[in-house]
Amino acid sequence: MHVLRPQFRIEEQRALEFASRRGFGMIVAADECGPRASHVPFVLDQRDGRTIVQIHFTAKNPLVALADGARRFLLIIAGDDAYISNDWYASRDNVSTWLYEAVHLSGVAHLRELDENRGHGDALLAVSEARLPKPPWDLAQMEPDKRESMLAAIRVIDLVVDSVEGQAKLNQHKSDADHVAIVGRLARSEESGHRRLAQKMQALRPGLGYETL
C-alpha cells in the first residue's frame, strides 16, 4: 500500500493517488541524441521517507544506460480525455477544447541490481491483478526455468520522485449552465472515458440540475 509523503501538498498527494490508480505511463529521458521514451507499467512505493516509482525495461532498452543515479527521468501518466465541441455549451461563442487529466512525476533514476527483479515482478503483479475480478495470478505459478529466464531479461529502475505536477482541465472556468451542458453530453457518450469525466465534473459542482448519470 502506497503511503504519501507528508511534505507533499494536498494537490500533490491527489496527483500521486491518481498515478497509483492508473499504474501505467510513459517514461522519458534524454541522451546525446535527444529524448527517448517507453510506455511502462509501474508501482509506487514509500521507502526511507521517499516516494519511489519502480519500473522495468527490457535489458536492451537504451533508457537502462541512462539510469545512472544522476540523470532525471520524467514519467507522464495520462488519464481520460474528451474533445468538447463549441456548440455543446449552453452559451454562445465558446471555443472548442479538450478536457483531460494527467500527472507528471520526475526525479533521478537509479538502476537496481538483478536480484531485485523478482521482488519488483511480484509487487507489480500484485497491484495489477488486484484490479481484476478473479483469483490473482503470480510468478509462483510459472514454470521455474521460464520464469527465471524472463526475470533475467529485464532491468528494474527506481525513479526517486522529487517533483509532482498534476494537470486537470475539467471545465473549471465555465458557468454552471455550460458545466451542466457539457456533463450531459459526456454522460451520454458511448466512450467510457467520457462518462468517467462526466462523473468527476459532476462531483466538482454537486447540486446542479444534472441528468441522471
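Refer to the structure presented above.
Conventions we followed
Residues numbered from 1 in each chain as written. Predicted model: local features only at pLDDT ≥ 70, side-chain atom pairs only at ≥ 80, totals over all residues. Heavy atoms only, no water. Pairing = 2+ DSSP bridges. Helix = DSSP H or I, 4+ residues; strand = E, 2+ residues; numbered from the N terminus. Axes fitted to C-alpha atoms, helices over the stretch in contact; angles between N-to-C directions. Expected span 1.5 Å × (residues − 1). Buried < 20%, exposed > 50% of the residue type's maximum accessible area, 1.4 Å probe, protein only. Phe/Tyr/Trp six-rings, centres within 6.5 Å; stacked < 30°, edge-to-face > 60°. Lys NZ or Arg CZ within 6 Å of the ring centre and 35° of its normal. Patch = residues over 30% accessible without salt bridge, like charges linked within 9 Å, V, L, I, M, F, W, Y side chains within 5 Å. Areas by Shrake-Rupley, 256 points an atom, 1.4 Å probe, with all protein chains shown as cover. Salt bridge = Lys/Arg side-chain N within 4 Å of Asp/Glu carboxyl O.

Peer 1: Describe in detail the sheet that holds strand β3 (residues 43-47), supporting the description with residues and values.
Peer 2: As a general point, the strands of a sheet are linked pairwise by backbone hydrogen bonds and lie either parallel or antiparallel. In space, the 7 strands of this open sheet follow the order β2-β1-β5-β6-β7-β4-β3, with antiparallel pairing throughout. With one partner strand each, in any of the chains shown, β2 (34-41) and β3 form the two edges of the open sheet. Ignoring strand direction, the axes of neighbouring strands in this sheet form an average angle of 35°. Here strand β1 (residues 24-31) runs beside strand β5 (residues 68-84); their pairing, made up of 3 bridges, is antiparallel. The residue bridging valine 28 from the neighbouring strand is leucine 74, located in β5.

Peer 1: Please give an account of helix α5 (residues 176-187) that cites residues and values.
Peer 2: The end-to-end C-alpha distance of α5 is 16 Å, a good match for the 16 Å that 12 residues give at a rise of 1.5 Å each. Of the positions making up α5, those classed as buried are Asp178, His179, Ile182, Val183, Gly184 and Leu186.

Peer 1: Residues and numbers for the packing of aromatic side chains, please.
Peer 2: Applying the stated rule across the entire model yields 1 aromatic pair. Directly above the ring of tyrosine 89 sits lysine 174, whose terminal nitrogen or CZ lies 5.1 Å from the centroid.

Peer 1: A description of the environment of arginine 50 should follow, citing residues and the corresponding values.
Peer 2: If you trace the backbone, arginine 50 turns up in strand β4 (residues 50-58). Arginine 50 sits 39 residues away from glutamate 11 along the chain, and the two C-alpha atoms are 17 Å apart.

Peer 1: Can you tell me about a nonpolar patch on the surface, naming the residues and giving the values?
Peer 2: A cluster of nonpolar residues, Tyr83, Trp98 and Tyr100, forms a patch on the protein surface that exposes about 330 Å² of accessible area. Turning to its location among the elements, tyrosine 83 is positioned in strand β5.

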